[in-house]
Amino acid sequence: MQLSPAGVDHDKMAGLTAFSLIWIIYSLTKPADAYRFPSHHLHRRATSWTALGCWTDNVGGARTLSAAAYTDTVNMTIESCINFCSTGSNAYVYAGVEYAQECYCSNYFSSGATNTTSSDCNMPCTGNASEFCGAGNRLDIFWSGSQPPPPPVLVPSVGNWSLLGCYNDSATRALPYGVGVTGGVTVESCSTACYNAGYPYAGMEYADECYCGLTIENNSGPTANADCDMTCAGNSSELCGGPNRLSMYNYTQPLPTTPITNAGGNPGTGSTVSPVTSGLTGNWTYGGCYVDNVNGRILGNELDSASTTVQSCIANCAGQNFTIAAIEYSTQCFCGDYLINGATKGVDSDCNMGCGGNATEACGGPNRMSVYSSTGNITLLPVPTLKTTSLPGQWEYQGCLVDSTNGVRVFPYEMDWTTNNTVDACLNQCAAFGYPAAGLEYGEQCFCGDVSDVTASGGTYVSDSQCNVACSGDPIHLCGGQSKLSTYYWNGTMNLWNTPANTGYYEFFIGGLVVPLIATVGINNKVTFLEKWGTSEYNNSTGAYELDISLVDNYHLAWREMHLKTDVFCSGSIILPDKGARQINVGGWSLESTFGVRLYTPDGSPGVNGTNDWEENVDELTLQRGRWYPTAMMMPNGSILVVGGESGSNASPQPSLEILPKPPGGDTVITLDYLQRTDPNNLYPFLLVMPSGRFFIGYYNEARVLDPVTFDTVTVLPNMPGAVNNFLAGRTYPMEGSAVLLPQYAPYTDPIEVLICGGSTIGAAIALDNCITIAPEVENAAWTLERMPSKRVMPCMVTLPDGTYMIMNGAHQGVAGFGLATDPNLSAILYDPSKPVGQRMSILNNTIVARLYHSEATLLPDGRVLVSGSDPQTNYPNGSYVYPEEMRIEVYIPPYLNQGLQQPEFTISATDWALGGQYSITVTLFQGTTSNMRISLVAASSSTHGNVMSGGRIIFPDFSCSGNTCTITAPPNAFVCPPGWHQLFILDGPTPSHSAWVRIGGDPGKLGNWPDYPDFTTPGV
């Protein structure tokens, strides 16, 4: 049975789709930092075609759209496919794009096709990377707006031919004689060919195949008529069988002729055909007639052509460097280097069909291949078997599992390896990304997931005999079957996610005034928030506010209004090492804002308002280049490095770096070709100072180490691992992850490591569920991957005083930008690098507040984590919000503050430390002794878009104690500890103190005297 999309009111759908397109176009073109991403919709709307969404294909082996098709590996677009399906004789109402390069047309959907989530259609078109063109067995389908003609039918009779019904067919044919027809296959053309050949039975299969016979053989019998659901290649109003199904007809009157069968001839034609045994190019020779399809195809790499000859097939295979060429069924050419699936040699007379391009040459027959070799040897490989022994790691075979129930896959992550799929490769890939369940299907597909996916999908196991397709990269082993998975589980614990009894908890802190984009804790122990100004949703916003956390019980006293002059929307901030610990903010949204340099000196104290405000003057102090989404970093020499961004809102890239204060001379900007190449996926790059003095830069899915003077590349690091099924996944905005440095311990001889968590994929925007680490400066540096308990894009990572890291906020799906993420991740994770790899993550508590785009998390001086913001602007078409603009501010109480233990205390007098100097504190401990006490220094930071622009640096310095007086040795140099302010904590066992601010390394760049303008306040060095 053929059907249109079930339950669809096409008139209503057309209107709704048009409105949705208008809304999407508006949301992507309004002034916003939206990510430019591939679309499932038409980019040019010259016709009334509209999108129907993502649909399953090949369910049960049947094409969803089967009337016409073409492939374009270079220039496929939605528009070109629609043009093909609506031009000339191709007057179809549905067009579908699949696998980036394939186009299908029809007036009807095949039975079994279902609408699925749009994220399944995630492959950019080969001709336009800004459009999606389906995926493996997934179609982006479009509708012309016209009603389809009446559906095709099983023709009940043609002349004296009567329909018997839909019959099953298999490798051993029900009707043994395949015949060619004039023009495309129809019920009429096939029955005529069988009549002329003297056969009383005619059957049409798979839309374009015609078979004849004297009887119905091999126990073939009727099946449901709905199984014959493929439209005839020559007449779209008729049905011509299906996969392994024949539309079966019987001639009800005596035939005027009887079949003429002669060796080497087409049955009933009287003509003689023979293999080509001389005159072939090179060393190609005839190898015999081989039986196909007893245990599956004996050769792959198929090319079909109505004008196939032995010579053209050999030329095709030789051009691909194959050593074997084979022709079947007149028009089908196959290539390879060996015959597989237990191929056996038949008799030459079975290869009795003339070539489509030369009727005198034998080109195989039904399930018979005329085989030729360039080496004189034809290697026959045995029938493939399931691989159940000698498996890698701790994998064990489980059985043959039914896949694709109702179009939903058992395992979520699919890889299509058309030429190199093997059991070992699939299992190793799944294990490398932390997935303990793997399945192989249809020879070329590898799936990864969890054992729980099988239970959740209601998966059932069937006989191993149904997993019967050879692996595309290993023809002696089986890789599943049609909608059947050869399934393997990891025997053991692959990911140990700790579930401690003490998880800590979220709690409401205070109501906010705006949705902050940037959060910074100042040395006055107050929190500065910056938000969009000029583009704010709130007309009375001044762009900047300061929160006194000691007054949160009094909303009116807790907040102090501050002021900006330009828009800091998607700018970058760090803390300067000058005496005032000024906060500097650079870049912004558009025009003069992108050149902005803004400074604020924290003042006041807990409970006492300050009076200082933000200072800026674009006529005096600017960047050399306008930058939107830049990153800033304090260099060891005391200068400020500013890198990357774009020249304005969704404008041209700014793939360069510059230094503040501007060095003397003319233009000192340095272009970085790798940022140019990876735009727009490299915004807010990760910048970190290494203990060697060199710089780590991470951008998109790449990373390198830079010389700190010339900024030349010293080392190109391996690309960052992404998703198990998508190596193009990214870690920087808009596929936003977060990066920090792992702890440094005196004497600072161990290689430092970088931790990056989360991110997303291009296209479907499936958030990543892993963290990766690397020691950038070791020989042959490589990434180590650890799977997280859940997927997360737009995470925030917070360095805690005990050397662990909170991972929080973000979403399970999407990318950074307005309206581009769904399914908030409400859980918090604790990452402990002191534990073994694979055992470092603990699942903590959940919030009820969605923290999506423009959310932040910041360490407070008392050891709690401040959680703020969420600016998703995700709305339904009627204007109501899916997720609100979030003003509520929370704090997270980590487990170390949830044990009922009193926090330790200390006093300090010297807070301006020289590198390598020694400084005393007096401690009061309530649980332990100084023998198990720790001391940590957490660098002052400013966080936006999950990018902690100090690298989240934490140092555990050397110290010694006599009684309750302890002497701390400051870090030895500005490479281990770039100049700046730090929160000093002591830890009594697990419990941290409140912090005190210390400056380490002074102000070597004399930023405290800059800029020298009367309207800027300089605190001194």
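Residues numbered from 1 in each chain as written. Predicted model: local features only at pLDDT ≥ 70, side-chain atom pairs only at ≥ 80, totals over all residues. Heavy atoms only, no water.

Trainee: Can you break down the overall build of the chain residue by residue, with the values?
Mentor: Broken down by element type, the chain carries eight helices and 77 strands. Per-residue burial over the chain gives 58% buried out of 1021 residues. For the chain, contacts bridging at least 24 residues in sequence account for 67% of all contacts bridging at least 6. As displayed, the chain has an accessible area near 37200 Å², and 51% of this comes from carbon and sulfur atoms. Taking the average location of the 41 positive side-chain charges in the chain and that of its 86 negative ones, the two points are 5 Å from each other. (Helix = DSSP H or I, 4+ residues; strand = E, 2+ residues; numbered from the N terminus. Buried < 20%, exposed > 50% of the residue type's maximum accessible area, 1.4 Å probe, protein only. Contact = heavy atoms within 4.5 Å. Areas by Shrake-Rupley, 256 points an atom, 1.4 Å probe, with all protein chains shown as cover. Lys, Arg positive; Asp, Glu negative; His and termini not counted. Charge placed at Lys NZ, Arg CZ, Asp CG, Glu CD.)

Trainee: Can you explain the environment of threonine 799? Please cite residues and give values.
Mentor: Along the chain, threonine 799 turns up in strand E55 (residues 796-799). The sequence separation of threonine 799 and valine 938 amounts to 139 residues, and the corresponding C-alpha distance is 7.5 Å. Beyond its immediate chain neighbours, meaning those up to four positions away, threonine 799 contacts Val740, Thr804, Tyr805, Leu859, Val938, Gly952 and Ile954. A distance of 2.8 Å separates the side chain of threonine 799 from the backbone oxygen of glycine 952, its partner in a polar contact. (Polar contact = N/O pair within 3.5 Å; in protein donor to acceptor, adjacent residues only side chain to side chain.)

Trainee: Which residues make up unusual backbone geometry, and what values do they have?
Mentor: A cis amide bond, omega -15°, links leucine 660 with the succeeding residue proline 661. Within the secondary structure, proline 661 sits in the loop between strand E44 (656-660) and strand E45 (670-671). Following tyrosine 733, the chain continues into proline 734 via a peptide bond in cis, with omega recorded as 10°. Within the secondary structure layout, proline 734 lies in the loop between strand E49 (713-716) and strand E50 (738-741). Even without a glycine there, the phi angle at asparagine 321 is positive, about 65°.

Trainee: Tell me what's going on with empty space enclosed by the protein, and back it up with residues and numbers.
Mentor: A water-sized probe, rolled over the atoms, reveals where empty space remains. This model, assessed by the stated rule, comprises seven cavities of 30 Å³ or more. Taken as a whole, the largest cavity holds about 230 Å³ of empty space. Forming the walls of the largest cavity are 20 residues, and the residues nearest its centre are Met634, Ala939, Ala940, Ser950 and Pro978. Secondary structure elements with two or more residues in the lining of the largest cavity: strand E39 (572-575), strand E42 (631-634), strand E46 (686-689) and strand E75 (980-988). The residue makeup of the lining of the largest cavity, split by class, is 13 nonpolar, six polar and one charged. Size it by volume and the second largest cavity reaches roughly 170 Å³. Lining the second largest cavity are 17 residues, with Thr858, Leu859, Ala939, Ser941 and Val948 positioned closest to its centre. Of all the secondary structure elements, the ones that give two or more residues to the lining of the second largest cavity are E55, strand E61 (855-859) and strand E69 (933-939). Counted by class, the lining of the second largest cavity contains 10 nonpolar, seven polar and no charged residues. (1 Å grid on protein atoms, 1.4 Å probe; cavity = no way out; pocket = protein on both sides within 12 Å on 5 of 7 lines; lining within 4 Å. Points joined across faces, edges and corners; volume = space filled by probe spheres on them. Nonpolar A, V, L, I, M, F, W, Y, C, P; charged D, E, K, R; others polar.)

Trainee: Describe the sheet that holds E42, and please don't skip the residues or the numbers.
Mentor: Taken together, four strands build an open sheet; the order of strands is E42-E43-E44-E45 and the sheet is antiparallel. Edge strands, defined here as strands with exactly one partner in the open sheet, are E42 and E45. The sheet contact formed by E42 and strand E43 (residues 640-643) spans four bridges and is antiparallel. Within E43, the position partnered with methionine 633 by the bridge is leucine 641. (Pairing = 2+ DSSP bridges.)

Trainee: Quick rundown of the nonpolar core? Include the residues and the values.
Mentor: Within the largest apolar cluster, 45 residues are counted, with the highest numbers of intra-cluster contacts made by Ile584, Ile640 and Leu660. Put simply, the parts of the chain that give this core at least two residues each are strand E40 (583-586), strand E41 (597-600), E42 and E43. Non-local contacts of isoleucine 640, meaning those with residues more than four positions away in its chain, are made with Ile574, Leu576, Ile584, Ala632, Met633, Met634, Glu658, Ile659, Leu660, Leu1007 and Trp1010. Listed in part, the 44 residues of the second largest apolar core include Cys446, Cys471, Met690 and Ile772. (Core = buried A, V, L, I, M, F, W, Y, C linked by side-chain atoms within 4.5 Å.)

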